[in-house]
Amino acid sequence: MSVLLNLAQIATFYGQSQALFGVDLSIQEGQVVALMGRNGMGKTTTIRSICGMSRASSGSLHFLGVDISTLPSHQIARLGIGLVPEGRRCFSNLTVTENLLVAARARAEHNNHWDLAKVEALFPRLAERRSQYANSLSGGEQQMLAVGRALMTNPKLLILDEATEGLAPVIRQEIWQAVKQLKAAGQSILIVDKTIKELLPVADHCVILERGSTVFSGLPEAMSKTILQQYLGV
């Protein structure tokens, strides 16, 4: 497998306040990487740095071998990064179908690309609600729509930031089932989620952040109870 994304010693500031102090993270093609850590430890800032929404002040950041550290976010997205942001951020005044179509982007290298039919097959609830406006959907349905919208860009890397947070257990399971299907299909994924029980079985590799720095990078089975307790409180 070739390296898809590589971060080395990333430092990021919000104004005068430093949020990341040295984040190292690597994702290979077809790999699911779990980005973990307690609240406020730098997970979302790392994602924002990857996507160009918060500019890294130092360190190296490469996607498909391209230095993306100075690129604007829309160019980074066009390279093949699809983000499902925390909070969903669906277009409330557009229908389900319109939300999906507005993000559609075909890629020449995709032989089996994502389209409306494939997204609706992954999330049948969206097919049932094609004509409904996004603001009329439940929180879980909006989350499915946010994932589907990201997939419609046919991303080489899908980033999920707290994709199951605040959802009912039955909806969480539907999201996790979709993640498993995406993994089986070879989709590269970077995922942040607090539900360790569901997260670890789908992860090929885990990265833990503590106070803006990488403190663990390894296989899920290499995380001892001591590591889980020390850095995750579980």
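Before reading on, note that the structure itself is shown above.
Residues numbered from 1 in each chain as written. Predicted model: local features only at pLDDT ≥ 70, side-chain atom pairs only at ≥ 80, totals over all residues. Heavy atoms only, no water.

Participant: I tried to follow the overall build of the protein chain on my own but got confused; where do I start?
Facilitator: Within the protein chain, the secondary structure is distributed over nine helices and 10 strands. Relative to a compact globule of 234 residues, whose C-alpha radius of gyration would be 17 Å, the protein chain shows 17 Å and is just as compact. Considered along the principal axes of its C-alpha atoms, the protein chain spans approximately 45 × 35 × 35 Å. For the protein chain, long-range pairs separated by at least 24 residues make up 68% of all intrachain contacts whose partners lie at least 6 apart in sequence. Measuring between centres, the 22 positive side-chain charges of the protein chain sit 2 Å from its 19 negative side-chain charges. (Helix = DSSP H or I, 4+ residues; strand = E, 2+ residues; numbered from the N terminus. Rg over C-alpha atoms; globule rule 2.2 N^0.38 Å. Contact = heavy atoms within 4.5 Å. Lys, Arg positive; Asp, Glu negative; His and termini not counted. Charge placed at Lys NZ, Arg CZ, Asp CG, Glu CD.)

Participant: Looking at this model, I keep getting lost on the layout of surface pockets. Mind explaining?
Facilitator: By volume, the largest pocket is sized at about 490 Å³. In terms of lining, the largest pocket is formed by 19 residues, of which the most central are A77, I81, L83, R149 and T153. Elements with a minimum of two residues in the lining of the largest pocket: helix 2 (73-80), strand 6 (81-84) and helix 6 (139-151). Top contributing element to the lining of the largest pocket by residue count: helix 2, with four residues. (1 Å grid on protein atoms, 1.4 Å probe; cavity = no way out; pocket = protein on both sides within 12 Å on 5 of 7 lines; lining within 4 Å. Points joined across faces, edges and corners; volume = space filled by probe spheres on them.)

Participant: Any chance you could explain the nonpolar core here in plain terms?
Facilitator: Here is a general trend for soluble globular proteins: nonpolar side chains tend to be buried in one another's company. By size, the foremost hydrophobic cluster in this structure holds 47 residues, and its most contacted members are M36 and L160. Ignoring any residue separated from it by four or fewer positions in sequence, one finds L160 in contact with V84, V147, V179, I189, L190, I191 and V192. Ranked by size, the runner-up nonpolar core spans 26 residues in total, among them L7, L20, A56 and L61. (Core = buried A, V, L, I, M, F, W, Y, C linked by side-chain atoms within 4.5 Å. Buried < 20%, exposed > 50% of the residue type's maximum accessible area, 1.4 Å probe, protein only.)

Participant: Just checking my understanding: could you explain the packing of aromatic side chains for this structure?
Facilitator: The tally for this structure, following the rule as stated, stands at zero aromatic pairs. Sitting above the plane of the W114 ring, K118 keeps its charged end 4.4 Å from the centroid. Above the face of the F91 ring, R149 is positioned so that its terminal group lies 5.3 Å from the ring centre. (Phe/Tyr/Trp six-rings, centres within 6.5 Å; stacked < 30°, edge-to-face > 60°. Lys NZ or Arg CZ within 6 Å of the ring centre and 35° of its normal.)

Participant: Looking at this structure, I do not really get the pattern of salt bridges. What am I missing?
Facilitator: Any two side chains of opposite charge can pair, on the condition that their charged atoms come close. Tallying each qualifying case throughout the model produces eight salt bridges. The shortest N-O distance in the salt bridge between E141 and R125 comes to 3.9 Å. Of this pair, E141 sits in helix 6 while R125 sits in helix 5 (residues 124-128); the two residues are 16 residues apart in sequence, bridging distant segments of the chain. Classification of E141 as buried rests on a relative accessible area of 6%. (Salt bridge = Lys/Arg side-chain N within 4 Å of Asp/Glu carboxyl O.)

Participant: So what exactly am I meant to see when it comes to helix 9 (residues 225-232) here?
Facilitator: It helps to recall that an α-helix has 3.6 residues per turn; residues three or four apart then point in one direction. Buried within helix 9 we find I227, L228, Y231 and L232. Each buried residue of helix 9 lies within a common arc of 100 degrees when the element is viewed along its axis, so the set occupies one face. Residues of helix 9 that are exposed and angled more than 90 degrees away from the buried face: K225 and T226. Looking at the buried residues of helix 9, the elements they touch are strand 3 (32-36), helix 8 (196-202), strand 9 (205-210) and strand 10 (213-218). (Arc of directions from axis to C-beta.)

Participant: Teacher, can you tell me more about the packing of helix 6 against helix 7 (residues 169-184) here?
Facilitator: At a minimum axis separation of 9 Å, helix 6 and helix 7 run at an interaxial angle of 15 degrees. Here helix 6 lies roughly parallel to helix 7, going by the angle between them. The handedness of the crossing between helix 6 and helix 7 is right-handed. Residues G140, Q143, M144 and L151 of helix 6 form the contact with helix 7, whose participating residues are I171, E174, I175 and L182. (Axes fitted to C-alpha atoms, helices over the stretch in contact; angles between N-to-C directions. Parallel < 35°, antiparallel > 145°, perpendicular 65-115°, else oblique. Left-handed = near helix turned anticlockwise from the far one by under 90°.)

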